[in-house]
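So you can see what is in the structure, the chains are spelled out below.
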Amino acid sequence: MSKTKFISSFQVAIIGLVCCALTSCSKYAYVFTSFHEPANEGLRLLYAKDGLHWTDLNKIFLKPAVGTQKIMRDPSIVQGPDGTFHLVWTCSWKGDNGFGYASSKDLKNWSEQKFIPVMQKEPTTVNVWAPEIFYDDENSQFIIIWASTIPFRFPKGIEDEDNNHRMYSITTKDFKTFSEPKLFLDLGFSVIDAVIVKRAVKDYVLVLKDNTRPNRNLKIAFSDHALGPYTNISESFSPKLTEGPTVLRQGNKYLIYYDAYGDKKYTTLKTYDFKNFEDISSSTTIPEGHKHGTVIRVEKKILRNLMK
């Protein structure tokens, strides 16, 4: 074999390895937590190798067992630094002062479920909705944020007193002891379905739903810290009747998935700066019936085990 042919073959091999790393040979895949209405079945999981084309594993991985109504809505998940997955969810429409929690090493075998009371010191609390979990690596702690209504606590604008939500937060390092709940976000209007995104050190984005009746759409806010304060609130970047955002980062690109419930479909937007957005829904596949969840990256061995 000539030197020229050897170099050519070597180059082909390198190109093959690079392509392999970027596509099907990648060590990672993506999992999307999910539920189906009326939310009494439990945790579903979707998977995608590219973060765009999703398939339902078509199985219930965790049946809800805590809360007054024992439902599972809005399942939010994060993987901690030790590899453990931590899941939180809405366990009742109204009447509960907390949310559900469970953990797993493989997304298949789950710990005993716990009810985490967070608003027990506010007896008039109407609800605890859509808890979102985030791992704050700058402070080695988990942050959980959620929406609650406390009637007559805030100026209600045009909202009914039992629908005037604000965002609250707690932190924990071990899911055994928790900080005291604090007001996380008060923008002067009703907000639900907020999700924290880290772009870099001291560079955080909050994707949130303006839940006021004229709007019911998604906006962006910015902060130097995961716990805020969040400012520079954007105009809406989604149509009316949209909610449940989750954000997937791929390099310097971010995919925002959200439930366009008014149009009975899921929408995917691509952004690089959270100021300019491109609708790429035609390039994505979302199974029918999928509702509000979180996208995370997992090792493919986790996915292979789930598919067995």
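Residues numbered from 1 in each chain as written. Predicted model: local features only at pLDDT ≥ 70, side-chain atom pairs only at ≥ 80, totals over all residues. Heavy atoms only, no water.

(A) Spotlight on the side chain of Asp106. Locating Asp106 in the fold gives a position in the loop between strand 6 (98–104) and strand 7 (114–117). In this structure, Asp106 is buried with no salt-bridge partner, the nearest side chain bearing the opposite charge being Lys108 at 6.9 Å. Beyond its immediate stretch of four places on either side in the chain, Asp106 contacts Phe85, Ile302, Asn305 and Leu306. (Helix = DSSP H or I, 4+ residues; strand = E, 2+ residues; numbered from the N terminus. Buried < 20%, exposed > 50% of the residue type's maximum accessible area, 1.4 Å probe, protein only. Lys, Arg positive; Asp, Glu negative; His and termini not counted. Salt bridge = Lys/Arg side-chain N within 4 Å of Asp/Glu carboxyl O. Contact = heavy atoms within 4.5 Å.)

(B) View of the packing of aromatic side chains. For the structure shown, the criterion picks out 15 aromatic pairs. Judged by centre distance (6.2 Å) and plane angle (85°), the ring pair of Phe32 and Tyr266 falls under edge-to-face. With Phe32 in strand 1 (residues 28–34) and Tyr266 in strand 17 (residues 265–271), this residue pair connects regions lying 234 residues apart in the sequence. Of the two residues, Phe32 and Tyr266, neither departs from the other in class, the shared state being buried. Judged by centre distance (4.9 Å) and plane angle (50°), the rings of Phe142 and Phe175 are tilted. Of the two residues, Phe142 sits in strand 9 (residues 141–149) while Phe175 sits in the loop between strand 10 (165–172) and strand 11 (182–185), which places them 33 residues apart along the sequence. (Phe/Tyr/Trp six-rings, centres within 6.5 Å; stacked < 30°, edge-to-face > 60°.)

(C) Layout of the pattern of salt bridges. Applying the stated criterion to the full structure yields 18 salt bridges. For Asp56, the salt bridge is made with Arg44, and the minimal N-O distance between the two is 3.5 Å. Taken together, the residues Asp56 in strand 3 (residues 55–56) and Arg44 in strand 2 (residues 44–48) connect sequence positions twelve residues apart. Arg44 shares its class with Asp56; the two are buried. Note that Glu299 is salt-bridged to Lys301, the shortest N-O span being 3.4 Å. Residue Glu299 is classed as partly exposed on the basis of its relative accessible area, which comes to 26%. Ionic contacts of the salt-bridge type, sharing partners, join the residues Lys27, Glu299 and Lys301 into one network.

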